[in-house]
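Survey of secondary and tertiary structure
Listed below, chain by chain, are the residues.
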Amino acid sequence: MSRYAAMFERLNGECAFGAFLMLGDPDPLASAALLNAVVEGGADMVEVGIPFSDPVADGPVIQAAAGRALAAGVTVSDCFDLIAEFRARNGEVPVGILTYANIVMARPGFMRDAADAGVDSLLIADVPALEAEPYANAMQQSGVEPVLIAAANTPQKTLERIGKISKAYTYCVSRAGITGTHAGGQFDPGLVGRLAESGAPPPVFGFGISSPEHVRAAIGAGAKGVICGSAIVDLASRGGNVAAFVRTMKDSTRNDSVRQ
Amino acid sequence: MRLSGRFGRFGGCYVPEILVPALEQLEAAFLDAQEDPAFTAELNGLLANYAGRPTPLTKCRNLPSNLYLKREDLLHGGAHKTNQVLAQGLLAKRMGKTRLIAETGAGQHGVATAIVGALLGFETVVYMGSDDVERQQLNVFRMRLMGATVVPVESGGRTLKDAVNEALRDWSASFESTHYLLGTAAGPHPFPTLVRDFQRVIGREARAQMIEHIGRLPDAVVACVGGGSNAIGLFADFIPDTAVRLIGVEAAGRGLDGEEHGATLLRGAAGILHGAETYLLQDPDGQVKDTWSVSAGLDYPAVGPEHAHLKDSGRADYVGATDAEALAAFKTLAEKEGILCAFESAHALAHALKLADEEPESAILVGLSGRGDKDVAQAQGLLA
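For clarity, every value in this text was computed on a predicted model and none was experimentally measured. (Residues numbered from 1 in each chain as written. Chains lettered and ligands numbered in written order. Predicted model: local features only at pLDDT ≥ 70, side-chain atom pairs only at ≥ 80, totals over all residues. Heavy atoms only, no water.)

Many structure descriptions define interface size as the accessible area lost when the parts assemble. Listed as interface residues are 35 residues of chain B and, on the opposing side, 38 residues of chain A. A combined buried area of about 2,700 Å² lies between chain B and chain A, and 55% of that area is made up of carbon and sulfur atoms. The largest contributions to the chain B side of the interface with chain A come from Glu 17, Arg 169 and Asp 285 of chain B, which together make up 27% of the buried area. The tally of links between chain B and chain A comes to three salt bridges. Notably, a salt bridge pairs Lys 161 of chain B with Asp 54 of chain A, separated by 2.8 Å at the nearest N-O pair. Our count for the chain B to chain A interface comes out at 17 residue pairs in polar contact (both at pLDDT 80 or more). Of all the secondary-structure elements, those providing two or more residues to the side of chain B that touches chain A are strand S2 (10–14), helix H1 (20–34), helix H7 (160–174), strand S11 (269–273) and strand S12 (275–280) of chain B. By residue class, the composition of the side of chain B that touches chain A is 17 nonpolar, nine polar and nine charged. (Contact = heavy atoms within 4.5 Å. Buried area = accessible area lost by both parts, 1.4 Å probe. Salt bridge = Lys/Arg side-chain N within 4 Å of Asp/Glu carboxyl O. Polar contact = N/O pair within 3.5 Å; in protein donor to acceptor, adjacent residues only side chain to side chain. Helix = DSSP H or I, 4+ residues; strand = E, 2+ residues; numbered from the N terminus. Nonpolar A, V, L, I, M, F, W, Y, C, P; charged D, E, K, R; others polar.)

Structure representation (structure tokens):
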């Protein structure tokens, strides 16, 4: 069983909390400590960015994080090293990479290197379902699960394609825009239903999760998991207590905290 | 999508999933409009009576007389950009959009977008790298005069690449009301095809004008390549004429041996940026490099995917012209022919002048893609 499948089974219906961090931000040493902090805070899954110079799907907070990592000279190899060290300390926590197509394309054997480092899934932000098949095939051959994005405006025929290709979870963007802009807990409940019809893996809500209220709203809209990115990265950049924040966010995923 | 959007291995539609429906809508509007005589009539009317097509073909008098200049500098707006911007403006109307966004480097595409925004009644927002805002203050003022909002982009290298990133981010949140009026034959499908087809008029006219002037096709067609829209527009109708050499001129900046240039096809490697698989200037990890050119319009680390294919297939050749060579050509054209051309176009001219010298018997067609008014202040500093 994959680490994601095992995680969803362990959670037994409770919403998974995913913490996103940019690898190498602000430098490899501090980045390794942050990876530990989110797990200490109770993150069920860890999603990590590999910094790219031109992150068009990201808002200012994640752009700045990528910029800091690149300014510190962080390379893709450094990122795989960070993941491998994390994996050596944490056998169970699923780790997914979120990055951009050019980073993957520039490195022959990217999928193999990712699998060797202990990566479970890969989401390429600028590879939509339309272009995903060759990438997904290469991932599967290396034992990395493809994750695709489903958006509120994605037509049913594309959701069905996503249902076929996406494996670990489905990254749901239930509103327009880029990372780090907040919808204030406004999620389209229709997406989850349409996804279920397409046979897609569990819906994990990606954009607009920065407070316990947003987590509860996502659960109300049918999320099986949430990923919090900009709020954690922003807090870390200001020297805040990341483990404590993650703990608060994770607490809001427990069934007894859901009031809706 | 109804078309493949591929040029050999290059092209495609590499955008966040959320933008795919907007690109599908655009492709549908583009294909439907081509079948609609009313669309074609309205566009042709605007091109003729508003923008000033056809543009002349000028045979040089004092420079080598085997040089022929296709005068897009005389088009309304001051560059070839207006051709496809009018077309996309009409498409945006067809799709019911009320707002236009655009990226701009030199400011020429921003000016063209501001023109169509004013003419057709759109709210217009232009993203421009803050370094380019500094370099091209006159164009910034022009855009504002025509009612556009110019947003300086502070991220990355603060040039065209970063302006595209910011426009894509805006579009990810605004696509329902907003058309992204991309300025060159690059980016995700359908833009490379759409922009080429609406710029094709340059080469179609030039081909007929060459036959009219000399009774035959030119031996070589030379155009500058940043994103590549004026070059692909000039080349497109010559591609089947295999005896006609097609030559794209990239920005060699301060020299191709260093890092300060914009010669994507000459020094780049295949990659994916801004929606398309194409050549990119990048480091071994795939991080996109900052570029340099004296001309803001050629200061771009990617290139339209059809040029990548024309290079790999061998149908077109790509060469470089340095800042110094372009400046010298700019000055020469002013002194000898009384024409101030854009720094971008001066790159094409620099190579064409060499070629005219080497091959006095050849007829050489040069795309003079824009006029140089925007560059006069910078030229004053550089040539003083």
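Our next topic: the packing of helix H4 (residues 108–120) of chain B against helix H6 (residues 137–145) of chain B. Residue and element names in this part refer to chain B. Interhelical geometry of H4 versus H6 gives an angle of 10° and a closest axis separation of 9 Å. When the interaxial angle is binned, H4 and H6 end up roughly parallel. Contacts from Gln 108, Gly 110, Val 111 and Ala 114 of H4 reach H6 at Asn 139, Arg 142 and Met 143. Looking at the contact of H4 with H6, its residues break down into three nonpolar, three polar and one charged. (Axes fitted to C-alpha atoms, helices over the stretch in contact; angles between N-to-C directions. Parallel < 35°, antiparallel > 145°, perpendicular 65-115°, else oblique.)

What follows is about the pairing of strand S6 (residues 123–129) of chain B. Residues and elements named next belong to chain B. When you tally the buried positions in S6, you get six out of seven residues, the bulk of the element. Looking at chain direction, strand S5 (residues 99–104) and S6 are connected through six bridges and run parallel. Paired with Ala 102 across the bridge in S6 is Val 126. On the question of chirality, the crossover connecting S5 to the parallel S6 by way of H4 is right-handed. Alignment of S6 against strand S7 (residues 149–153), held across five bridges, turns out to be parallel. If you follow Met 128 over to S7, its bridge partner there is Pro 152. (Buried < 20%, exposed > 50% of the residue type's maximum accessible area, 1.4 Å probe, protein only. Pairing = 2+ DSSP bridges. Right-handed = clockwise from strand over helix to strand, strands pointing away.)

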